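Residue-level listing of the chains:
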Amino acid sequence: MSASTRDLRWAKAPDFAGQPERRGAIEAQTVEDKQEYLDSGMQEVDCKACGACVLVRKNTYKHTSIQWTSDPTRRCHTFKDAIASGQKSALKDGCPMLHDSIADAVRDGTITVRDAEKS
């Protein structure tokens, strides 16, 4: 079987084309999941070192989700230095100064931990 034939017959998930009610339910759940996992509970935190604003969600004390609101290589010195030394920003583990700013925001109550009991 050629690759193009295999591509036509195989998909990671069925599309439920013949089941419009099920397809609609899946699409609605996808919208709900996107809201829950990507948008819900995000709070602004400014890095005390460079002033970059990021969106943060603390699910537990150990779990932190961070979404940059702008390109970190334009503002954050840690990311700028990584790029200057040839490292790819996607491989950068993060910025310790930003992590400190987030920890301070948790301590002073600026951001909340969603499930402090699981930490």
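Every value quoted in this text rests on a predicted model; they were computed, and no experiment measured them.

Draft legend 1. Seen up close, the overall build of the chain. When you go through the chain residue by residue, the secondary structure sums to 5 helices and 3 strands. For the chain, the sequential pattern of α-helices and β-strands runs α-α-β-β-β-α-α-α. Taking all 119 residues of the chain together, the buried fraction comes to 24%. Of the contacts formed within the chain by residues at least 6 apart in sequence, a portion of 41% connects residues at least 24 apart. As displayed, the chain has an accessible area near 8700 Å², and 50% of this comes from carbon and sulfur atoms.

Draft legend 2. Local environment of the nonpolar core. V45, V56, L98, I102 and I111 are the most contacted members of the largest nonpolar core, which totals 15 residues. Only strand 2 (53–58) and helix 5 (96–107) provide two or more residues apiece to this core. By residue number, the principal contributor to this core is helix 5, which donates 4 residues. Here I111 is in contact with Q43, E44, V45, V56, K58, I102, A105 and V106, once residues within four sequence places are set aside.

Draft legend 3. Layout of the pairing of strand 2. For strand 2, the buried fraction is high: 5 of the 6 residues fall into the buried class. In this sheet, strand 2 lies alongside strand 1 (residues 43–46) in antiparallel orientation, the contact comprising 4 bridges. Its bridge partner lying in strand 2, V45 is registered against V54. Here strand 1 folds back onto strand 2, and the loop between the two strands holds 6 residues, one of which, G51, carries a positive phi near 85°.

Draft legend 4. The arrangement of the confidence of the model for the chain in detail. The predicted model of the chain has a mean per-residue pLDDT of 85, with 87% of residues at 70 or higher. For the chain, the element scoring lowest by mean pLDDT is helix 1 (residues 3–9), at 56; helix 5 scores highest, at 96.

Draft legend 5. Just helix 4 (residues 77–84), in detail. Of the positions making up helix 4, those classed as buried are T78, F79 and A82. With its buried residues spanning 95° around the axis, helix 4 presents them on a single face. Summarising the geometry of helix 4, the exposed residues directed more than 90 degrees from the buried face are D81 and A84. Close packing links the buried residues of helix 4 with strand 3 (64–68), helix 3 (72–75) and helix 5. The first or second residue beyond helix 4 is G86, which carries a positive phi of 95°.

How each quantity is defined
- As a convention, each chain's residues are numbered from 1 in the sequence order in which they are written.
- Local features in this predicted model are restricted to residues of pLDDT 70 or higher, and side-chain atom pairs are both shown and tallied only at a pLDDT of 80 or more, whereas totals for entire chains, interfaces and linings draw on every residue.
- The basis for every side-chain value is the complete set of non-hydrogen atoms in the structure, without hydrogens or water.
- Helix numbers and strand numbers start at the N terminus; a helix is a DSSP run of H or I with at least 4 residues, a strand a run of E with at least 2.
- Think of it in three bands: residues with accessible area under 20% of the maximum for their type are buried, residues over 50% are exposed, and the middle band is partly exposed, with areas taken using a 1.4 Å probe on protein chains only.
- The contact criterion used throughout is that any non-hydrogen atoms of two residues lie within 4.5 Å.
- Where accessible areas are quoted, they stem from the Shrake-Rupley method and a 1.4 Å probe; at the residue level, only the protein chains shown are allowed to cover.
- Joining through side-chain atoms within 4.5 Å is the link that ties buried Ala, Val, Leu, Ile, Met, Phe, Trp, Tyr and Cys residues into a set, and such a set is a nonpolar core.
- If DSSP finds at least two bridges between two strands, the strands pair.
- Per-residue confidence from the predictor is given as pLDDT, running between 0 and 100.
- Here the arc refers to the set of directions running from the helix axis out to each C-beta atom.

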